[in-house]
Amino acid sequence: MNEVLVVGSVAIDSVETPSGKADDALGGAATFGSVAASLFAPVHLVGVVGSDFPAEHIEFLRGRNIDLAGLQVVEGGDTFRWKGDYNTDLNQAVTHETHLGVFEHFEPVLPDHYRDANYVFLANINPTLQLKVLEQVRAPKLVVCDTMNLWINIAREHVIEVFKRVDIAVLNDGEAKMLTDLDNVIQAGRAIKALGPKHVIIKKGEHGALMFSDHEIFSAPSFPLDEVIDPTGAGDSFAGSMIGYLSKTDDLSAENLRKAVVYGSVVASTTVQDFSLKALKQLTPETVEERYAAVKAMSAF
Ligand code: AMP
């Protein structure tokens, strides 16, 4: 069985959306990514939390077949906290506060049994830390990375450095335009592909996703929802489930990559149906299959 190595933030989030708010809830890019990937494959998590991180969250992650040997717990330290809202645009978070806490001095060190991981997901985190993890894995078959507007703004060169070294780069449309200074999403996708990744996936919220490969563009549908409660973690759930599915099937053919993108969009569509990880926690491999079949039926012609 191929494990998925996931690095990224493990966080306590406070989020407000037009549907309500959640304070001090479990969040973080690596958390959403790991839980989504664990629907398909065992996960090795790399991250850091403080001693204030609730024990119930640790127990939950362990119960999901997520190996926490690479999760450092800093005695007396504060867990990373993010506060934001989606009141003006459900596709774009407005950050109110980012409290780095234990992330400020975090040096990722991979336990030896993590270094042979074949599937690696560099979830949202400072790109310098993403590179440090990449340097420690021996010969991965597939590396997927995600980023966010903050890093494009303050560490663009490092984001580009990461993109040059990965197989699949995942961004949302706003980030793709920001990174390339291009207004057209197709031009932006091609420009990012030219940086080095074999595939670039641009997520377009409720409008699905586009995957740019060497000779083709795949337009993936999304699952139509009549209500989005909280978009937090949609991107991480998308990439986590996509790489989880690829790891489980160990098949990187163009056809299987397309399926993986649709699994990503299916799991992300569930995450946004409740705050924090509430809806994602309820998903089972069976309910994922049901929604996957529904998307397939809806988009076949
Ligand atoms: P997403 O909605 O998929 O883009 O990711 C949401 C998650 O990103 C939240 O749970 C936050 O804790 C986390 N997050 C927000 N800002 C940062 C940051 N600067 N670095 C790492 N993770 C972050």
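See the structure above.
Just so we're clear, the structure is a prediction, and the values are computed from it rather than from any experiment.

### Some points on the pairing of strand β2 (residues 11-17)
Most of β2 is tucked away, with six of its seven residues classed as buried. In this sheet, strand β3 (residues 20-27) lies alongside β2 in antiparallel orientation, the contact comprising six bridges. Its bridge partner lying in β3, E16 is registered against K21. The turn joining β2 and β3, which pair antiparallel and follow one another in sequence, is formed by two residues. Direction of pairing for β2 relative to strand β6 (residues 80-85): parallel, over a ladder of six bridges. Note that in β6 the partner of A11 across the bridge is F80.

### Structural notes on the site of the ligand
Close to the ligand lie 19 residues; S9, D13, G28, G233 and D236 are nearest. Here an oxygen atom of the ligand sits 2.8 Å away from a polar atom, N or O, in the main chain of G233. Of all the secondary-structure elements, those providing two or more residues to the shell around the ligand are β2, β6, α4 (149-154) and α8 (234-249). Considering every element that reaches the shell around the ligand, the biggest residue donor is α8, with three residues. Taken together, the residues of the shell around the ligand sort by class into 10 nonpolar, seven polar and two charged.

### Observations concerning the nonpolar core
Among soluble globular proteins, nonpolar side chains are generally buried collectively. By size, the foremost hydrophobic cluster in this structure holds 57 residues, and its most contacted members are I201, M242 and V261. For this core, the element with the highest residue contribution is helix α9 (residues 254-271), accounting for eight residues. Once residues within four sequence positions are removed from consideration, I201 is found in contact with I168, A169, V170, L171, A209, L210, M211, F238, M242 and V261. Judged by nonpolar contacts, the second largest core, of 44 residues, contains A11, L131, A169 and I202.

### Topic: helix α6 (residues 173-180)
Within the sequence span of α6, burial applies to E175, A176, L179 and T180. Projection of α6 onto a plane perpendicular to its axis shows the buried side chains occupying an angular sector of 115°, all on one side. On its buried side, α6 packs onto α4, α5 (156-164), β10 (168-172), α7 (185-193) and β11 (199-203). In this structure N172 caps α6, since a side-chain oxygen of it lies 3.2 Å from the backbone nitrogen of G174.

### Remarks on unusual backbone geometry
Its identity is not glycine, yet N65 carries a phi of approximately 65°, on the positive side. Mapped onto the elements of the fold, N65 is located in the loop between α2 (55-63) and β5 (66-74). Within the chain, D250 stands out as a residue other than glycine whose phi angle is a positive 50°. With respect to the secondary-structure elements, D250 resides in the loop between α8 and α9. In this structure D250 comes out as partly exposed when scored by relative accessible area, which is 36%.

### Observations regarding the pairing of β11
Of all five residues making up β11, five are buried, and the element is well covered by its neighbours. Where burial is concerned, the two faces of β11 agree: the one with H199, I201 and K203 and the one with V200 and I202 are both buried. In this sheet, β11 lies alongside β10 in parallel orientation, the contact comprising five bridges. Looking across to β11, one finds that I168 is bridged to H199. Here β11 runs beside strand β12 (residues 209-212); their pairing, made up of four bridges, is antiparallel. The partner of I201 across the bridge, within β12, is M211. A loop of five residues connects β11 with β12, the two strands running antiparallel in sequence, and G205 in this loop sits at a positive phi of about 55°.

### Quick word on the side chain of T147
Looking at the element boundaries, T147 is found in the loop between β9 (142-146) and α4. Leaving out residues up to four positions away in the same chain, T147 has contacts with N124, I152, V159, F163, V170 and E175.

### Considering the pattern of salt bridges
Scanning the entire structure with this criterion turns up 12 salt bridges. With its nearest N and O atoms 3.8 Å apart, the salt bridge here joins D52 to R81. In this pair, D52 is assigned in the loop between β4 (43-50) and α2 and R81 in strand β6, connecting sequence segments 29 residues apart. On the basis of relative accessible area, R81 is assigned to the partly exposed category, the value being 32%. The closest approach of N and O atoms between K132 and E107, which form a salt bridge, is 3.0 Å. Of the two residues, K132 sits in helix α3 (residues 127-136) while E107 sits in the loop between β7 (94-99) and β8 (119-122), which places them 25 residues apart along the sequence. Each member of the salt-bridge network shares a partner with another, and the members are D112, R115, D116 and R138.

Basis of the calculations
Residues numbered from 1 in each chain as written. Predicted model: local features only at pLDDT ≥ 70, side-chain atom pairs only at ≥ 80, totals over all residues. Heavy atoms only, no water. Buried < 20%, exposed > 50% of the residue type's maximum accessible area, 1.4 Å probe, protein only. Helix = DSSP H or I, 4+ residues; strand = E, 2+ residues; numbered from the N terminus. Pairing = 2+ DSSP bridges. Near = heavy atom within 4 Å. Polar contact = N/O pair within 3.5 Å; in protein donor to acceptor, adjacent residues only side chain to side chain. Nonpolar A, V, L, I, M, F, W, Y, C, P; charged D, E, K, R; others polar. Core = buried A, V, L, I, M, F, W, Y, C linked by side-chain atoms within 4.5 Å. Contact = heavy atoms within 4.5 Å. Arc of directions from axis to C-beta. Salt bridge = Lys/Arg side-chain N within 4 Å of Asp/Glu carboxyl O.

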